[in-house]
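Architecture and fold: a report
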Amino acid sequence: MAYTAALIRVLVLQLQTSNIQSQMTKYSQEKLQISGRISDLVSQISELDADDATVKQLNAQKAQLESMEKMIDQKIKLYETKLTAATQEQQQAEKMLAENIPRSVPKYTGLASG
């Protein structure tokens, strides 16, 4: 019974770890897109005269995107912490599983029918 519970726990933790990694990938891709947009804005701003009214609008957009980027960084850090915790818990569950394998295997006395 302990073996089955340990096996289920390992599988649940593997799924949880996979989901966390997926979320981290999603946020990393989103951050890359925002970084690209910021870079484009910086290029546009550098091509304009500092007194141009458009520069003010572009700087406002840039500031908004930088704020979004910081929020995504915080989410990524949160998921990194969750991933570390889930990975450690998964390792413990795998250790428990490995320890329960010998206890769950029936012991045969070597009696042969004949």
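Everything that follows concerns the structure shown earlier in this document.
Given the structure is predicted, the values throughout are model-derived calculations rather than measurements. All residue numbers here refer to positions counted from 1 along the written sequence of the relevant chain. Under the rules for a predicted model, residues below a pLDDT of 70 receive no local features and side-chain atom pairs below 80 are neither given nor counted, while totals for whole chains, interfaces and linings still include all residues. Side-chain measures here rest on the full set of heavy atoms in the structure, leaving out hydrogens and waters.

Any pair of Phe, Tyr and Trp rings, taking the six-membered ring for Trp, is counted once the centres come within 6.5 Å. Such a pair is stacked with planes under 30 degrees apart, edge-to-face with planes over 60 apart, and tilted for the rest. Considering all chains together, one arrives at one aromatic pair under this definition. Measuring from ring centre to ring centre gives 5.8 Å for Tyr-27 and Tyr-79, while their planes differ by 35°; the resulting arrangement is tilted. Of this pair, Tyr-27 sits in helix α1 (residues 2-47) while Tyr-79 sits in helix α2 (residues 53-104), placing them 52 residues apart in sequence. Take Tyr-27 and Tyr-79: they sit in the same class, and that class is buried. Taking the ring centre of Tyr-27 as reference, the NZ or CZ of Lys-26 above it sits at 4.9 Å. Note on criteria: charge over ring means Lys NZ or Arg CZ within 6 Å of the ring centre, with the direction from the centre no more than 35 degrees off the ring normal. Looking at Lys-82, its charged tip hangs above the ring of Tyr-79, at a distance of 5.0 Å from the centre. Secondary structure elements are defined from DSSP: runs of H or I of at least 4 residues count as helices, runs of E of at least 2 residues count as strands, and each element is numbered from the N terminus. For the exposure calls, accessible area comes from a 1.4 Å probe over protein chains only, and a residue counts as buried if that area is under 20% of its type's maximum, exposed if over 50%, partly exposed in between.

With respect to the helices and strands, Thr-17 occurs in helix α1. Should any heavy atoms of two residues lie within 4.5 Å, those residues are counted as being in contact. Apart from the residues lying within four places of it in its own chain, the contact partners of Thr-17 are Leu-83, Ala-86, Thr-87 and Gln-90.

Moving on: the nonpolar core. Take the buried residues of types Ala, Val, Leu, Ile, Met, Phe, Trp, Tyr and Cys, join any two whose side-chain atoms come within 4.5 Å, and each joined set is a nonpolar core. Counting 15 residues, the largest nonpolar core has Ile-20, Met-24, Tyr-27, Ile-34, Leu-65, Ile-72 and Tyr-79 as its most contacted members. Broken down by element, the residue count for this core peaks at eight residues, all from α2. Those residues in contact with Ile-34 that sit more than four places away from it in its chain are Leu-65, Met-68, Glu-69 and Ile-72. Counting residues in each nonpolar core, the second largest holds five residues, with Val-10, Leu-13, Ala-93 and Leu-97 among its members.

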